[in-house]
Amino acid sequence: MEKKHRDIIRKNRVKLVQCMDSEAVVFFLEAENVLSIMEGDRIRAEKIRFQQNQKLIDCITRHGPKAFDWFVQALRKTNQEHLCDLLTNHPREILKEDSLETKLHKHRFTLLRDMNPEKVLGALEKDKVLTPGTVQQIRRETNKNILDAVISSNCYSGFVCALKSTQQGHLCLSEDS
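Every chain begins its residue count from 1, and numbering advances along the sequence as written. In keeping with the predicted nature of the model, local features appear solely for residues at pLDDT of at least 70, side-chain atom pairs appear and are counted solely at 80 or more, and the whole-chain, interface and lining totals rest on all residues. To obtain the side-chain values, all non-hydrogen atoms of the structure were included, while hydrogens and water were left out.

A. Layout of the pattern of salt bridges. Should a side-chain nitrogen of Lys or Arg be within 4 Å of a carboxyl oxygen of Asp or Glu, the pair is scored as a salt bridge. Per the counting criterion, the structure on display carries nine salt bridges. Linking R44 and D41 is a salt bridge whose minimum nitrogen-to-oxygen distance equals 2.9 Å. With R44 and D41 both in helix α4 (residues 37–44) and three residues apart, the pair spans about one turn of that helix. We classify D41 as partly exposed; its relative accessible area is 42%. A salt bridge links D148 to K144; its shortest N-O distance comes to 2.8 Å. With D148 and K144 both in helix α11 (residues 132–153) and four residues apart, this pair spans about one turn of that helix. Residue K144 is classed as partly exposed on the basis of its relative accessible area, which comes to 43%. Within the structure, one salt-bridge network assembled from shared partners comprises K3, D7 and R10. We count a stretch as a helix when DSSP gives it H or I for four or more residues in a row; a strand needs E for two or more, and each element gets its number in order from the N terminus. Remark: exposure states derive from per-residue accessible area (1.4 Å probe, protein chains only) relative to the maximum for the residue type, with buried under 20%, exposed over 50%, and partly exposed in between.

This is how it looks when you write it as structure tokens:
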């Protein structure tokens, strides 16, 4: 990355670290082969969004001359235009009413924190917004995230208790399994 672009990012680092949704940016940059899967995994390994954002910024500033442009494009494609404005000094036109996508993005943290995924998935499947196959795929991904969290937290006994308290004790693995 060129020095002038590193300087722009450094100048706006605090705002980027506070406001960026790095998960979406990392997925975009991986898809475009700007970041390797290993780099993305290292960023996602951070448990706190603030730390993920710092790691992404540190990583992207060490990349080649096109990294800044890709980073700005990733922010734009993930509906983080307000951060693009900081980096490019080209503020977008203010819309009188935000699009639904922008509203969802603005409230992403609250939705992720408070939404009951099973109820929403059930309603989306019932209303045929999502196919049963898509719903099953989402459930498998959720289960994978739970297992990953249990493994990384080394809390198998708590996991077993949770399975038993939700009438899923048959899923508990014995030590000889």
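B. How the structure looks around unusual backbone geometry. Unusually for a residue other than glycine, N33 sits at a positive phi of about 60°. Locating N33 in the fold gives a position in the loop between α3 (22–31) and α4. Positive phi is not limited to glycine here, since N79 has a value of about 60°. Tracing the backbone through its elements, the reader meets N79 in the loop between α6 (67–77) and α7 (81–88).

C. Summary view of the environment of V26. Summarising the element assignment, V26 is placed in helix α3. A sequence separation of 15 residues divides V26 from D41, and the C-alpha atoms of the two residues are 9.2 Å apart.

D. Here's a closer look at the environment of S165. Assignment of secondary structure puts S165 in helix α12 (residues 156–165). Each C-alpha atom of the pair S165 and T110 lies 27 Å from the other, and the pair is 55 residues apart in sequence.

E. Representation of the packing of aromatic side chains in the model. Note on ring pairs: Phe, Tyr and Trp rings are taken, using the six-membered ring of Trp, and paired if centres are within 6.5 Å. Classes follow the plane angle, with under 30 degrees stacked, over 60 edge-to-face and the rest tilted. For the coordinates displayed, the defined rule picks out two aromatic pairs. Ring centres of F28 and W70 lie 6.5 Å apart, and the angle between their planes is 45°; this geometry places the pair in the tilted category. One end of the pair, F28, is in helix α3; the other, W70, is in helix α6, and 42 residues separate them in sequence. On the basis of relative accessibility, which here comes to 14%, the residue F28 falls in the buried class. Ring centres of Y156 and F159 lie 6.3 Å apart, and the angle between their planes is 50°; this geometry places the pair in the tilted category. Residue Y156 and its partner F159 are both found in helix α12; the two are separated by three residues, about one turn of the helix. Overall, Y156 belongs to the partly exposed group, its relative accessible area being 38%.

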